[in-house]
Amino acid sequence: MTQCDPQLPLFLGLMSGTSADGIDAALVQFPDEGGCRFVHGHTYAWDAPTRQALIALGQGREPESLDALGQLDAHVGIAFANAANQLLDEAGVPRAQVQAIGSHGQTIRHRPLAEPAFTWQIGDANRIAELTGITTVADFRRRDVAAGGHGAPLMPAFHLAMLGSSDEDRAVLNLGGIANLSLIGRDGSLRGFDTGPANALLDGWCQRHLGHAFDADGAFAASGQVNEALLSRLLAEPWFALPPPKSTGREQFHLEWVEAQLAAEVIAPADVQATLLELTAATVADALLTHLPEVRRVLACGGGVRNPALLRRLQTRLPGVLIDSSAAYGLDPDYMEAMGFAWLAHETLAGRPGNLPSVSGACGLRILGAIHLA
């Protein structure tokens, strides 16, 4: 935990991503001169039944009933509020010192190419504001979708504000459930998009075959061999050939999709894991070399930063590129997205737009999120 500046307001970000492994909570400050001061963070694991329900909905399964969905929305909101309260208790910070909470919620559907397009995150922000006594900003994605964008990814604007440099082109790589890139030009230009699956498939396959929530250090993948035929079938997925703007989630990339590509071929589970890891490395590297071929620095964040097997394969596919953790630039890789949603709340309350049309494809800049006053 870092000592906070008593002269600066505090913001608290809450994030549960595609992997649905827990709620990331980050307490931060934004100095007037720029940057982000990380004060405290923690990840609060979902209970097993809730996680199973969230993953099933994210993969397209229909809810049991509207009543069940309404109760899950309330339950997730309460869990987010509890995470915020527990983080503040751990940090010894009074609620009155926190100007706002920025809550992403939990995505259960993301259909940016539907007609009409929509994205849906649950986690009732009214509950968060009520149970914490702190103004809560939430529902960040739908305004961008209403303006013709994908509503995702939203982190590139934060990456530009925190990690942009006039001296060099940079790429910020988030290795969460889904991998996405923020391509920051030294001239201040910015593009960002999802590249495909990352931890969501790796974690799911590991859970199915080893009973572990994730592949610690990439050991399961490292014990296998890449199956080139399977990799070719996976890479033939038409989504990978789509141009940006593009975004995706569990509704596109899930274990049933993997099983369909197995084509009744018997492949050792460790070899499938190795192939899924190679799929992530290949799609990230291909996207980077296509859209920012001159880049020589990649700043990585997200859970995949702790998978050395994945980082080795990325480095092999990106010779001459320095792959470093965002921690080297003062941004904790485990809490990057939670910090980003705290920043989005900060921007919303300041009346500034949080989306970037060059990233999402929206028809213009928009102030994002609904404000729930304490």
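To be clear, the structure that these remarks concern was listed above.
Residues numbered from 1 in each chain as written. Predicted model: local features only at pLDDT ≥ 70, side-chain atom pairs only at ≥ 80, totals over all residues. Heavy atoms only, no water.

**Describing the packing of helix H2 (residues 66-91) against helix H3 (residues 125-132)**
In step 1: One can describe the packing of H2 onto H3 by two numbers: an axis separation of 8 Å at closest approach and a directional angle of 35°. Between H2 and H3 lies a crossing of right-handed hand. Facing H2, whose interface residues are Ala74, Gly77, Ile78, Phe80, Ala81, Ala84 and Asn85, H3 presents Arg127, Ile128, Leu131 and Thr132.
In step 2: The residue inventory of the contact of H2 with H3, partitioned by class, reads seven nonpolar, three polar and one charged. (Axes fitted to C-alpha atoms, helices over the stretch in contact; angles between N-to-C directions. Helix = DSSP H or I, 4+ residues; strand = E, 2+ residues; numbered from the N terminus. Left-handed = near helix turned anticlockwise from the far one by under 90°. Contact = heavy atoms within 4.5 Å. Nonpolar A, V, L, I, M, F, W, Y, C, P; charged D, E, K, R; others polar.)

**Some points on the sheet that holds strand S10 (residues 190-197)**
In step 1: Reading across the sheet, the five strands line up as S10-S9-S8-S11-S12 and stay open at both edges, with mixed pairing between neighbours. Each of the sheet's edge strands pairs with one partner strand only, and the pair in question is S10 and strand S12 (322-325). Between one strand axis and the next, the sheet turns through 25° on average, direction left out of account.
In step 2: Note that strand S9 (residues 178-184) and S10 share seven bridges and pair antiparallel. Counterpart to Ala179 in the pairing with S10 is Gly196.
In step 3: Together, strand S8 (170-175), S9, S10 and strand S11 (297-301) form the strand contacts of helix H10 (residues 269-291), whose direction differs from that of S10 by roughly 155°. (Pairing = 2+ DSSP bridges.)

**Comments concerning the pattern of salt bridges**
In step 1: Tallying each qualifying case throughout the model produces 13 salt bridges.
In step 2: Note that Asp169 is salt-bridged to Arg186, the shortest N-O span being 3.4 Å. With Asp169 in the loop between helix H5 (155-163) and S8 and Arg186 in the loop between S9 and S10, the pair connects residues that are 17 residues apart, well separated along the chain.
In step 3: Taking relative accessible area as the criterion, Arg186 reaches 46% and is therefore assigned partly exposed.
In step 4: Across the salt bridge formed by Glu347 and Arg352, the nearest N and O atoms sit 2.9 Å from each other.
In step 5: Through salt bridges that share partners, Glu168, Arg170 and Arg297 make up one connected network. (Salt bridge = Lys/Arg side-chain N within 4 Å of Asp/Glu carboxyl O. Buried < 20%, exposed > 50% of the residue type's maximum accessible area, 1.4 Å probe, protein only.)

**Let's talk about the side chain of Arg170**
In step 1: Relative to the helices and strands, Arg170 resides in strand S8.
In step 2: Exposure remark for Arg170: the relative accessible area of 11% places this residue in the buried category.
In step 3: Within polar-contact distance, the side chain of Arg170 engages the backbone oxygen of Leu163 at 2.8 Å.
In step 4: Excluding its chain neighbours within four sequence positions, the residues that come into contact with Arg170 are Leu163, Gly164, Ser165, Ser182, Leu183, Ile184, Leu292, Val295, Arg297, Leu299 and Tyr329. (Polar contact = N/O pair within 3.5 Å; in protein donor to acceptor, adjacent residues only side chain to side chain.)

**Here's the deal with helix H12 (residues 336-349)**
Every α-helix winds through 3.6 residues per turn, so residues three or four apart in the chain are directed the same way.
In step 1: The end-to-end C-alpha distance of H12, which contains 14 residues, comes to 20 Å, matching closely the 20 Å that a straight helix rising 1.5 Å per residue would cover.
In step 2: Listed as buried for H12 are Met336, Ala338, Met339, Gly340, Phe341, Ala342, Trp343, Leu344, Ala345, Glu347 and Thr348.
In step 3: At the exit of H12 stands Gly351, carrying a positive phi of roughly 75°. (Expected span 1.5 Å × (residues − 1).)

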